[in-house]
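Inside the fold
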Amino acid sequence: MITISSADKELEKKTILKEYRLLLRTLKPKLKSTSDKMDIRRAFEMAVEGHKDMRRKSGEPYIHHPIAVAQIVAGEIGLGVTSVICALLHDTVEDTDLTLEDIELNFDKNTAKIIDGLTKISGSFELNMNTTQQAENFRKLLLTLTDDIRVILIKIADRLHNMRTMDSMASQKQKKIASETLYIYAPLAHRLGLYAIKSELEDLSLKYTQPEVFQDIVQKLNETKKERTKYINEFIAPLKELLEEKKFNFEISGRPKSIYSIYNKMKTKQVSFEEVYDLFAIRIILNAPLEREKSDCWGVYSVITDLYHPQPDRLRDWVSTPKTNGYEALHTTVMGHQGKWVEVQIRSKRMHEIAEMGLAAHWKYKENSQDNALDEWLERIRETLSNPDTSTMDFITNVRQELFNEEIYVFTPKGELKRLKAGATALDFAFEIHSAIGMKCIGAKINHKLVPLSHKLHNGDQVEILTSSKQQPNEDWLKFVVTSKAISVLKKTLQEEKKITAEIGKEIFEKKLKQFEIPNTDHNLQTAIKYYKYVSALDFFFNIAAKKLTLSDLKDLAVQGGKLMIPANKSEQGESFEDRIKRELKKNAELLIMGESSDMIKYGFANCCNPVAGDDVFGFITVNEGIKIHRTNCPNAVQLMSKYDYRIVKTRWNKQHEIAFLTGVKITGLDDVGVINKMTNIITGQLKINMRSLSFDTDDGIFEGKIMVYVHNTQQLDMLIDELKKLSGVLSVSRIEDNEKGDR
Ligand code: MN
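Because the structure is predicted, anything quoted here is derived from the model rather than measured.

Attention shifts here to the overall build of the chain. For the chain, the count of helices and strands is 30 helices and 22 strands. Across the 744 residues in the chain, those meeting the buried criterion constitute 48%. Across the chain, every contact between residues at least 6 apart in sequence was considered, and the portion connecting residues at least 24 apart equals 67%. About 37,500 Å² of surface is accessible on the chain, with carbon and sulfur atoms providing 50% of the total.

Here it is, written out as structure tokens:
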């Protein structure tokens, strides 16, 4: 129990009222009547009363949270009165005595419905939840999206405020919430066009999942700020002058990319901060009437390219064809001074508002827009959701991919525009038209040329689908479809076929039972499935039918009183690896010390990130290969932590243990006589590191090499990288992060 003095209580009350008044001020343009004002006041008072005895982890009164969420909903997403009421009351039905009936009585059906949605998806993806539950919650979350999209917008605001105020939470919990945010909420925000929120969610996620990396980038950004500002000003000055001369009404600014996008670039491009820190975007926002927007944007483009040379393949025109989430702008990349590429974004004020506030702004302007791409997208999600047979995990993966997609634009033979995920094939297009057409698709004509099903589509392609009534879908098709609709329809069909095949397996199994005089009971079936280590009867029967499993040792199992028994010496084998790990972990308090426990527990190093002693790592329990050790910054880590958090084991290195790790470095430099010799001297001579392989390619006087070495820890690896960097002619040296393992 916390006791608070009455003076403190007075102060708390004042702060709460101040926040409430700020909320009212933000909402002012949306308040149409006195009854609006009274509704808001009532919602506020109900929330204050309901949460009056609750405090947040930080110690402050709980009511700060719903007010802050309402503030985000009004100020950062631009929603109106109903949404603000719902945000104020979003935690009441779950955590206080208020009921949905109370809400409906005090407000209306709609308000109650939104709060019901928020209550249902609260606690989504909680800790210790298994994957099926998680996927089910995710599905619920998305259903609300197609039901009343305000539910999801308020949920995003709720998550944003929680992420902003996570400091007093335990670090393990912070990491889990942050991973989940990165996995689900950031993509959702992206898809709904809330770019500012998306990027804040990503930055905050990085702050909690990889605090050192985050702080490092923040610090370096501060150190380089002056230099960057100077460059931006020099770039902008002549542009501004010219635009003013041409009488454009505009604002121009430049700012660095988000911390997360810098981090992402460093990771995917394998470069240092110094090579990306000067990435920034120049933004020109035009004050132009709707009918002149497009021509003004192109007018500005013309001025820019008079001044700076554009990179022809980096022009993006989302003014003529907006993105599905409503985003409109013209992007170009031009050559600035000192040989630097600079991205310039051109948009009108209206387009800018859509880019910042996403959907809400999109709706606001909807009457003016003949484009209903967003509705099309929601329709697609609805279709995927209505297919209850999709395996839950696949479902999450598909929809998630759908959220983060870049898009291509293609045309039907009649010239109708279709948006598809980048990487989509002719077959995806067929499924996009109709499931039945997808099933019977045998090929396509693209721009009048015949292509196979697997042909990848490009922007602007005109696609005509060819079908045959004899066509049958097969497993291979899954290798080249990428849209969630095609994947889910195909999987469903193939699953049905699997069920038919499994029926044959079931008959074979029953015949065997008869032959060995074992009664056909559910107990005996379950025992057999367990004995052969299958997870489901379907898999078990299917493998029998596919002749991957013979039932010959069924007769060796003991039958007692008609019951099939697994002999004692076999049951030990039957214990799943996961169970064994759990047993070991009980003895060892959730901590696996690399090296020491290696006799008891099988482990290996993940080859997606090749960890080396000293790296931050975690263990992941795999089905067949024991514990795999991943680096915490492994590209797969977020997904693993978020989807399978119950399979993660805390892992740290045992200092005494001397193991050699295979890792690699990538070197580029000027091709010069003896350069390889110098490198091998450093590696094997000076540093006494064992080298496994070495490969070099040269192209036009530049060489690129990969050296695979065995090191004991990260210090040794860093030392190697430093020494190699000192060589004359060497341009860059970096650790190989992915699984390109040299010349094997
Ligand atoms: Mn909340």
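Here we come to the pattern of salt bridges. Following the criterion strictly, the structure yields 20 salt bridges and no others. Of the charged contacts in the structure, one is a salt bridge between Arg41 and Glu45, with a shortest N-O distance of 2.9 Å. In this pair, Arg41 and Glu45 are both assigned in helix H2 (residues 34–50), four residues apart and thus about one turn of the helix distant. Judged by its relative accessible area of 35%, Arg41 is partly exposed.

Moving on, we get to the side chain of His331. Relative to the helices and strands, His331 is located in strand E5 (residues 330–335). Accessibility expressed as a relative area gives 11% for His331, which makes it buried. At 2.7 Å, the side chain of His331 forms a polar contact with the side chain of Tyr327. In this structure His331 touches Arg314, Leu315, Arg316, Trp318, Glu343, Val344 and Gln345, once residues within four positions along its chain are discounted.

Attention now moves to the coordination of the manganese ion. Bound to the manganese ion are the protein donor atoms His65 (NE2), His90 (NE2), Asp91 (OD) and Asp158 (OD), situated 2.3 to 2.5 Å from the metal. Along the chain, the residues donating to the manganese ion fall in the pattern H-x24-H-D-x66-D. In this pair, His65 sits in helix H3 (residues 64–76) while Asp91 sits in the loop between helix H4 (81–88) and helix H5 (92–95), placing the two residues 26 residues apart along the sequence. Of the two residues, His65 and Asp91, both sit in the buried class.

Further remarks concern the confidence of the model for the chain. Low-confidence regions, as indicated by low pLDDT, have predicted coordinates that should not be scrutinised in detail. On average, residues of the chain carry a pLDDT of 80, and 80% of them reach 70 or more. This model gives residues 366–371 a pLDDT under 50, and the stretch forms three contacts once residues within four places in sequence are excluded. Note on residues 739–744: pLDDT under 50 across the span, and 14 contacts to partners over four residues away in sequence or across chains.

A few words on the environment of Val489. Along the polypeptide, Val489 turns up in helix H23 (residues 484–515). A residue is classified by how much of its surface remains accessible, and Val489, at 15% relative accessible area, is buried. Measuring from C-alpha to C-alpha, the distance between Val489 and Ser435 comes to 7.1 Å, with 54 residues separating the pair along the chain.

Before going further, it helps to spend a moment on the sheet that holds strand E20 (residues 690–699). If you walk across this open sheet you meet the four strands as E20-E21-E19-E22, and the pairing is antiparallel. If you trace the sheet from one side to the other, it starts and ends with E20 and strand E22 (730–735), each paired once. Across this sheet, the average inter-strand angle for adjacent strands is 15 degrees, counted without regard to direction. Pairing of strand E19 (residues 661–670) with E22 involves five bridges; the strand directions are antiparallel. Opposite Gly669, over in E22, you have Val730 as the bridge partner. On the sheet, helix H29 (residues 675–686) packs against E19, E20, strand E21 (702–711) and E22 and is oriented at approximately 160 degrees with respect to E20. Running at roughly 170 degrees to E22, helix H30 (residues 714–726) makes contact with E19, E21 and E22 of the sheet.

Moving on to the packing of aromatic side chains. Within this structure, the stated rule accounts for 11 aromatic pairs. Centroid distance Trp318 to Tyr327: 5.8 Å. Interplanar angle 70 degrees. Geometry classified as edge-to-face. Taking 5.4 Å as the distance between ring centres and 80 degrees as the angle between the ring planes, the aromatic pair formed by Phe509 and Phe540 counts as edge-to-face. On the criterion of sequence distance, the pair formed by Phe509 in helix H23 and Phe540 in helix H25 (residues 537–545) is long-range, its members being 31 residues apart. Each member of the pair Phe509 and Phe540 is classed as buried.

So, on to the nonpolar core. One finds Ile40, Val84, Leu88, Leu89, Ile156, Ile197 and Leu201 to be the most contacted residues of the largest nonpolar core, which totals 59 residues. Within the residue set of this core, elements represented by two or more residues are helix H1 (6–27), H2, H3, H4, helix H7 (109–121), helix H9 (149–164), helix H10 (171–191) and helix H11 (195–209). Excluding residues that lie within four positions of it along the chain, Leu88 makes contacts with Leu23, Ile40, Ala43, Phe44, Ala47, Pro66, Ile67 and Ala70. Listed in part, the 26 residues of the second largest apolar core include Ile282, Tyr301, Leu330 and Ile346.

Our focus in this paragraph is the environment of Phe429. With respect to the secondary-structure elements, Phe429 resides in helix H21 (residues 426–433). Judged by its relative accessible area of 2%, Phe429 is buried. Sequence spacing of Phe429 and Leu457 is 28 residues, and the spatial spacing of their C-alpha atoms is 8.7 Å. Here Phe429 is in contact with Val410, Phe411, Thr412, Lys418, Leu420, Leu457, Val463 and Ile465, once residues within four sequence places are set aside.

Turning our eyes to something else, we now look at a nonpolar patch on the surface. A cluster of nonpolar side chains, contributed by Leu670, Ile702 and Leu731, occupies part of the molecular surface with about 270 Å² of accessible area. Along the chain, the position of Ile702 falls in strand E21. Given the relative accessible area of 35%, Ile702 is considered partly exposed.

A separate point is the sheet that holds strand E9 (residues 441–446). Here three strands make up an open sheet; going across it, the order is E10-E9-E11 and the pairing antiparallel. The open sheet terminates on both sides in strands that have one partner only, identified here as strand E10 (449–451) and strand E11 (463–467). Put simply, the sheet's adjacent strands are angled 30 degrees from each other on average, direction ignored. Both E9 and E10 contribute to a ladder of three bridges, which runs antiparallel. Residue pairing across strands places Ala444 opposite Val451, the latter belonging to E10. Relative to E11, H21 is tilted by about 85 degrees, and along the sheet it contacts E9 and E11.

Calculation notes
- Residues numbered from 1 in each chain as written.
- Predicted model: local features only at pLDDT ≥ 70, side-chain atom pairs only at ≥ 80, totals over all residues.
- Heavy atoms only, no water.
- Helix = DSSP H or I, 4+ residues; strand = E, 2+ residues; numbered from the N terminus.
- Buried < 20%, exposed > 50% of the residue type's maximum accessible area, 1.4 Å probe, protein only.
- Contact = heavy atoms within 4.5 Å.
- Areas by Shrake-Rupley, 256 points an atom, 1.4 Å probe, with all protein chains shown as cover.
- Salt bridge = Lys/Arg side-chain N within 4 Å of Asp/Glu carboxyl O.
- Polar contact = N/O pair within 3.5 Å; in protein donor to acceptor, adjacent residues only side chain to side chain.
- Donors = N, O, S within 2.8 Å, 3.2 Å for Na, K, Ca; no water.
- pLDDT = per-residue confidence, 0-100.
- Pairing = 2+ DSSP bridges.
- Axes fitted to C-alpha atoms, helices over the stretch in contact; angles between N-to-C directions.
- Phe/Tyr/Trp six-rings, centres within 6.5 Å; stacked < 30°, edge-to-face > 60°.
- Core = buried A, V, L, I, M, F, W, Y, C linked by side-chain atoms within 4.5 Å.
- Patch = residues over 30% accessible without salt bridge, like charges linked within 9 Å, V, L, I, M, F, W, Y side chains within 5 Å.

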